[in-house]
Amino acid sequence: MPNQPRDAQAEEHMEFLLTLRRRGIGDQAVLRAMDEVPRGQFVEPEFAERAYADHALPIECGQTISQPYVVAYMTEQLALRPHHRVLEVGTGSGYQAAVLSRLAREVVSIERYRTLAEQARVRLRALGYDNVEVVTGDGFAGVPGKAPYDRIIVTAAAEQVPQTLIDQLGDDGVMILPLGPHGGSQHIIKLTKSQTGIARENLIAVRFVPLLPGQAQEL
Ligand code: SAH
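It should be emphasised that the depicted structure is a prediction, and the values quoted were computed from it without experimental measurement.

A. The pairing of strand 5 (residues 132-136), seen in detail. The sheet contact formed by strand 4 (residues 106-111) and strand 5 spans five bridges and is parallel. For Ile 110, the partnering residue across the bridge sits in strand 5 and is Val 135. For the crossover from strand 4 across helix 5 (residues 114-126) to strand 5, the handedness is right-handed.

Okay, here's the thing in structure tokens:
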């Protein structure tokens, strides 16, 4: 927001946090992470003025940076602890990965578009989020070399729960993902792994871009 006076920027930022609180985000550590990570650095320059509004925005490769409320909500549901290792499927802009990196020890994030993965890698490095590793590849396969994970977050909508990802979740692990038909009614699902099996909770209604198989051939 280079053209906005400083006061307007501060006010906008305050409004950003207030909206998250008003919508029910109560975890102070999550709010602090949302406060710290500059969303304006993760959107395309043409959308910089709308970076702190509570909307998803388009990014390259026909994808989107998720709505701040949904980022905060999914992060809160993960109940992250400072020693946790997290896998994110769907790096996109790298924004969600940056938020996770403030709350966990290590974040591995996988993206099927090489262009997005490379941009996110450069951006995260420039901003100093050095506990995030961005991998290019198919998130359906997870990142087995770094498994097991304490937490897994999928930021594209799956039509079925990918079993490979459940397999990469550690004991007492939690996985959060949007589940439902592409372009249709989707819900955030929370899966908790224990010795007795997988417990499932259905959470809020959402709309995400699809989780697609394979690394993208285009770019
Ligand atoms: N978390 C992102 C939002 C990403 S949108 C952010 O904070 O900006 C969802 C992303 O998932 C898109 O970039 C899309 O390319 C990616 N994606 C979809 N299917 C995938 C798959 N199978 N493996 C890895 N990434 C995938």
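B. Expanded view of the site of the ligand. What surrounds the ligand is a group of 27 residues, the closest being Gly 90, Ser 93, Glu 111, Gly 139 and Leu 212. Between the ligand and Asp 138 there is a distance of 3.0 Å, counted from a nitrogen atom to a side-chain nitrogen or oxygen. Within the complex, 99% of the 580 Å² of free accessible area of the ligand lies under protein. Counting atoms within 2 Å of the grid points, the majority share of the ligand lands in the largest pocket.

C. Local environment of the nonpolar core. Core analysis: the biggest nonpolar cluster contains 50 residues, and Leu 20, Ile 25, Met 34, Phe 42 and Tyr 95 have the highest contact counts within it. For this core, the secondary structure elements donating two or more residues are helix 1 (6-22), helix 2 (28-36), helix 3 (68-78), helix 4 (95-101), helix 5, strand 5, strand 7 (169-179) and strand 9 (197-206). The leading source of residues in this core is helix 3, at seven residues. Leave out the neighbours within four places in its chain, and Leu 20 touches Ile 25, Leu 31, Met 34, Pro 68, Tyr 69 and Ala 72. Ranked by size, the runner-up nonpolar core spans 20 residues in total, among them Ile 110, Val 143, Leu 169 and Met 175.

D. View of the environment of Val 143. Examined against the element boundaries, Val 143 turns out to sit in the loop between strand 5 and strand 6 (149-154). Remark: the alpha-carbon pair of Val 143 and Ser 109, spanning 34 residues in sequence, is separated by 8.7 Å.

E. Representation of the layout of surface pockets in the model. Of the volumes computed, that of the largest pocket is approximately 530 Å³. As for the largest pocket, its lining consists of 39 residues, of which Thr 64, Thr 155, Ala 156, Phe 208 and Val 209 are closest to the centre. Mapped by element, the contributors of at least two residues to the lining of the largest pocket are strand 2 (64-65), helix 3, strand 3 (85-89), helix 4, strand 4 and strand 9. For the lining of the largest pocket, the per-class residue count stands at 20 nonpolar, 13 polar and six charged.

F. Structural detail: the packing of aromatic side chains. Counted under the stated rule, the structure contains three aromatic pairs. On the numbers, 5.3 Å between centres and 85° between planes, the contact of Phe 16 with Tyr 52 is edge-to-face. With Phe 16 in helix 1 and Tyr 52 in the loop between helix 2 and strand 1 (57-58), this residue pair connects regions lying 36 residues apart in the sequence. For Tyr 52, a relative accessible area of 11% translates into the label buried. When the centroid spacing of 5.9 Å and the interplanar angle of 40° are considered together, the rings of Tyr 69 and Tyr 73 count as tilted. Here the residue Tyr 69 and the residue Tyr 73 both occupy positions in helix 3, the gap between them amounting to four residues, near one helical turn. Tyr 73 shares its class with Tyr 69; the two are buried. The ring of Tyr 69 has Arg 23 sitting right over it, with the charged end atom 3.9 Å from the ring centre. Above the face of the Tyr 95 ring, Arg 39 is positioned so that its terminal group lies 5.6 Å from the ring centre.

G. Here's a closer look at helix 1. End to end, helix 1 covers 24 Å across 17 residues, agreeing with the expected 24 Å (1.5 Å per residue, within 8%). Within helix 1 the residues assigned to the buried category are Glu 12, Phe 16, Leu 17, Thr 19 and Leu 20. The buried side chains of helix 1 occupy one side of the element, clustering within an arc of 155° when seen end-on. For helix 1, the exposed residues set more than 90 degrees away from the buried face come down to Asp 7, Glu 11, Met 14 and Arg 22. Elements in contact with the buried residues of helix 1: helix 2, helix 3 and helix 4. With its phi angle positive at about 115°, Gly 24 sits one or two positions after the end of helix 1.

Cut-offs and rules
- Residues numbered from 1 in each chain as written.
- Predicted model: local features only at pLDDT ≥ 70, side-chain atom pairs only at ≥ 80, totals over all residues.
- Heavy atoms only, no water.
- Pairing = 2+ DSSP bridges.
- Helix = DSSP H or I, 4+ residues; strand = E, 2+ residues; numbered from the N terminus.
- Right-handed = clockwise from strand over helix to strand, strands pointing away.
- Near = heavy atom within 4 Å.
- Polar contact = N/O pair within 3.5 Å; in protein donor to acceptor, adjacent residues only side chain to side chain.
- Areas by Shrake-Rupley, 256 points an atom, 1.4 Å probe, with all protein chains shown as cover.
- 1 Å grid on protein atoms, 1.4 Å probe; cavity = no way out; pocket = protein on both sides within 12 Å on 5 of 7 lines; lining within 4 Å.
- Sits in = over half its atoms within 2 Å of the grid points.
- Core = buried A, V, L, I, M, F, W, Y, C linked by side-chain atoms within 4.5 Å.
- Buried < 20%, exposed > 50% of the residue type's maximum accessible area, 1.4 Å probe, protein only.
- Contact = heavy atoms within 4.5 Å.
- Points joined across faces, edges and corners; volume = space filled by probe spheres on them.
- Nonpolar A, V, L, I, M, F, W, Y, C, P; charged D, E, K, R; others polar.
- Phe/Tyr/Trp six-rings, centres within 6.5 Å; stacked < 30°, edge-to-face > 60°.
- Lys NZ or Arg CZ within 6 Å of the ring centre and 35° of its normal.
- Expected span 1.5 Å × (residues − 1).
- Arc of directions from axis to C-beta.

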